[in-house]
Amino acid sequence: MRALALFAAATLLTSCQLQQSAALGTTGQRQPNIVILFADDLGYGDLGSYGHPNIRTPNIDQLAREGQRWTDFYVAAPVCSPSRGALLTGKLPVRTGLYGQRIRVMFPGEELGIPEPETTLAEALGAEGYRSAIIGKWHLGDAPGAYPTRHGFDYWYGLPYSNDMDWADSTSFDELLAMRARGGAEAIAGVMAARSGRYAEPKVEYWNVPLLESSGSGERVVERPAHQPTLTRRYTEQAVAFVQRNADRPFLLYMPYTMPHTPIFASSDFQGRSLGKRYGDVIEEIDWSVGQVRAALERAGVAEHTLVIFTSDNGPWLSMRHHGGSAGLLNNGKGTTFEGGMRVPAVFWWPGTITPEVVSGIGSTMDLFATSLSLAGAQPVSGIDGLDLTSVLKGTGESPRSEIAYYRAGELQALRRGDFKVQLVAEGAYGLPPERQVLETPRLYDLREDPGERHDVAARHPERMEEMLDAVARHRARTRIASPLFDARLARFAR
Ligand code: MG
């Protein structure tokens, strides 16, 4: 009996040692798991911890209380595909070409994906011994050759693009482009009008979006159309299973939720539960999901070796009215380079490493690339726009980031440097004001005293304005603009 116990203890020890050595990087430090929980179109004001009065998000709020809640955290683009491309490459979309001037995100039937020379976060961490999964929406190319499993991810369960693409009304995106090339504005308006009413009372069958599963052993369509009310729940089950399967080695779990991008759906357990009505139900289910992922990390005994980040890919889709979220006190929303389009909630949690704090330094989703590599013990990558935030997470220094470049469709519309933001172009999105205006006299905002961009202080700070315009010139001089890949599709319909 004793021999058996000794044998069991020895086996356990060996397996622990193996686990530990598997998780040690080149620096000899244990490589932390990286979990990126990435909501879609969730606004700056949509969480309890960011001031929402009705939507209850106790799990995310708890992470925020126990970890770092960032107040000045940004995405690199105000819409889905370029924002995701930037997170996964650590580069501005204009540098990789993962943007469009006329087609702003990828649509079903896209032939392109992430350009081959680019290194994704999954590839970079894979080279350091990480296993990786994406559970959720990809939106960087729906041809099999562009799947996440061709770009470093070991496993994918989710949608290839947004849940409102791929309409079951039989007019494809290419047909719309062909109609436009023929000058058929009226016909397009007819299709769009019929569709717009469907967002308010969505039904699963209005769309034909596939739910896919992909790994080294192949691909399969799990169902089509994806049953959207249960997506958040099923993503969560997949994420929990992935954590359980990989407790013995470092992993990257990238979880881009399909929700709360419209059409919004919650599972039956969450329908009608939130004071925030339907949109609130959807956010509260995401919050539940975050709690489940946390519990899985704790159950697997890896929470103290895991950096969890919760954030969003862009601001709220305001034209969706009560089915869209809120940017809180920030100005405007998705699609724009106002603060409401690009500043997002960001919570960093890492028990035992991150001490509770509200961080007012500037950060970007592009920084998650550089930070993850640094934590994994990889060599710093040159030629990226992301910066290493490790010192902030470990409480040993301030954020190295002083600037945010606000691009829309490849155009630099604003630049933040320190407390100030210079605005060069003002433009609403999705039919909402303001109408596009290239500002002859750029505007200046002090985002510390005026995060809502309500008071132009250019006249009060002429020297500051000069400094800001110099910073714009320097940014332009050092940023090589790649051609917009998403627009390549228009060549198919050139008249
Ligand atoms: Mg989005």
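Placed above this text is the structure.
A. View of the side chain of E403. With respect to the secondary-structure elements, E403 resides in strand β11 (residues 403-408). On the basis of relative accessibility, which here comes to 13%, the residue E403 falls in the buried class. A polar atom in the side chain of E403 sits 3.1 Å from the side chain of R478. Aside from chain neighbours lying at most four places away, what touches E403 is L415, R416, R417, A471 and R478.

B. Local environment of the side chain of D72. Among the secondary structure elements, D72 is positioned in strand β2 (residues 68-74). Relative accessible area serves as the criterion here: at 3%, D72 is assigned to the buried category. Separated by 2.5 Å, the side chains of D72 and T71 make a polar contact. Polar side-chain contacts of D72 include one of 2.7 Å to the side chain of R416. Setting aside chain neighbours within four positions, we find D72 in contact with R343, V359, S360, G361, I362, G363, R416 and R448.

C. Representation of the packing of aromatic side chains within the structure. Scanning all chains against the criterion turns up 19 aromatic pairs. Ring centres 5.3 Å apart and planes at 75° place the aromatic pair Y44 and Y50 in the edge-to-face group. For Y44, a relative accessible area of 9% translates into the label buried. With a centroid separation of 6.1 Å and an interplanar angle of 70°, the aromatic rings of Y199 and W317 are classed as edge-to-face. Separated by 118 residues along the polypeptide, Y199 in helix α7 (residues 185-200) and W317 in the loop between β8 (306-312) and α10 (339-342) bring together distant segments of the chain.

D. Here's a closer look at the coordination of the magnesium ion. Looking at the metal site, the magnesium ion is ligated by D40 (OD), D41 (OD), C80 (SG), D313 (OD), D313 (OD) and N314 (OD1), spaced 2.1 to 2.7 Å from it. Coordination at the magnesium ion is irregular: its six donor atoms span angles of 53 to 159° at the metal. Positions of the donor residues of the magnesium ion along the chain correspond to the pattern D-D-x38-C-x232-D-N. Taken together, the residues C80 in helix α3 (residues 80-89) and D313 in the loop between β8 and α10 connect sequence positions 233 residues apart.

E. Main features of the sheet that holds strand β14 (residues 437-446). In spatial order, the strands read β11-β12-β13-β14; together these four strands make up an open sheet with antiparallel pairing. Each of the sheet's edge strands pairs with one partner strand only, and the pair in question is β11 and β14. The sheet shows a mean angle of 20° between the axes of neighbouring strands, taken without regard to direction. Where helix α13 (residues 462-478) meets the sheet, its contacts fall on β11, β12 (411-417), β13 (420-426) and β14, and the angle it forms with β12 comes to roughly 125°.

F. Structural view of the pairing of strand β5 (residues 211-215). When you tally the buried positions in β5, you get four out of five residues, the bulk of the element. Two strands pair when backbone bridges link them, and β5 and strand β6 (residues 218-223) are joined in this way by five bridges, in the antiparallel orientation. Across the sheet, the residue bridging to S215 is G218, located in β6. Linking β5 back to β6 in an antiparallel pair, the connection comprises two residues.

G. Structural detail: the sheet that holds strand β9 (residues 343-349). Overall, mixed pairing links the ten strands, which are arranged β6-β5-β4-β3-β7-β1-β8-β9-β2-β10 in an open sheet. Either end of the sheet is taken by a strand with one partner, and the two such strands are β6 and β10 (357-364). Recorded for the sheet is a direction-independent mean angle of 15° between the axes of neighbouring strands. Sheet topology places strand β3 (residues 131-135) next to strand β7 (residues 251-256); four bridges connect them, and they run parallel.

H. The arrangement of the environment of T89 in detail. Residue placement: T89 occurs in helix α3. Distance from T89 to H322, taken between C-alpha atoms, is 33 Å for residues 233 residues apart in sequence. For T89, the contacting residues outside a window of four places in its chain are T96, E118, T119, F369 and I384. Engagement of the side chain of T89 in a polar contact is seen with the backbone nitrogen of K91, the distance being 3.2 Å.

I. Examining the pairing of β11 more closely. Within β11, six of the six residues are buried, which leaves the element mostly enclosed by the surrounding structure. Residues E403, A405 and Y407 of β11 are buried on one face, and the alternating residues I404, Y406 and R408, pointing to the opposite face, are buried as well. Between β11 and β12, which follow one another and run antiparallel, lie two residues, and A409 among them has a positive phi close to 50°.

J. Representation of the pattern of salt bridges within the structure. Taken as a whole, this structure holds 35 salt bridges when the rule is applied. A salt bridge links R150 to E219, with the nearest nitrogen and oxygen atoms 3.0 Å apart. Separated by 69 residues along the polypeptide, R150 in the loop between β3 and β4 (155-158) and E219 in strand β6 bring together distant segments of the chain. For E219, a relative accessible area of 37% corresponds to the partly exposed category. Put simply, E339 and R343 hold a salt bridge, and the shortest N to O gap is 2.9 Å. Each member of the pair, E339 as well as R343, carries the same accessibility label: buried.

What counts as what
Residues numbered from 1 in each chain as written. Predicted model: local features only at pLDDT ≥ 70, side-chain atom pairs only at ≥ 80, totals over all residues. Heavy atoms only, no water. Helix = DSSP H or I, 4+ residues; strand = E, 2+ residues; numbered from the N terminus. Buried < 20%, exposed > 50% of the residue type's maximum accessible area, 1.4 Å probe, protein only. Polar contact = N/O pair within 3.5 Å; in protein donor to acceptor, adjacent residues only side chain to side chain. Contact = heavy atoms within 4.5 Å. Phe/Tyr/Trp six-rings, centres within 6.5 Å; stacked < 30°, edge-to-face > 60°. Donors = N, O, S within 2.8 Å, 3.2 Å for Na, K, Ca; no water. Tetrahedral: all angles 85-135°; square planar, octahedral: opposite > 155°, others 65-115°. Pairing = 2+ DSSP bridges. Axes fitted to C-alpha atoms, helices over the stretch in contact; angles between N-to-C directions. Salt bridge = Lys/Arg side-chain N within 4 Å of Asp/Glu carboxyl O.

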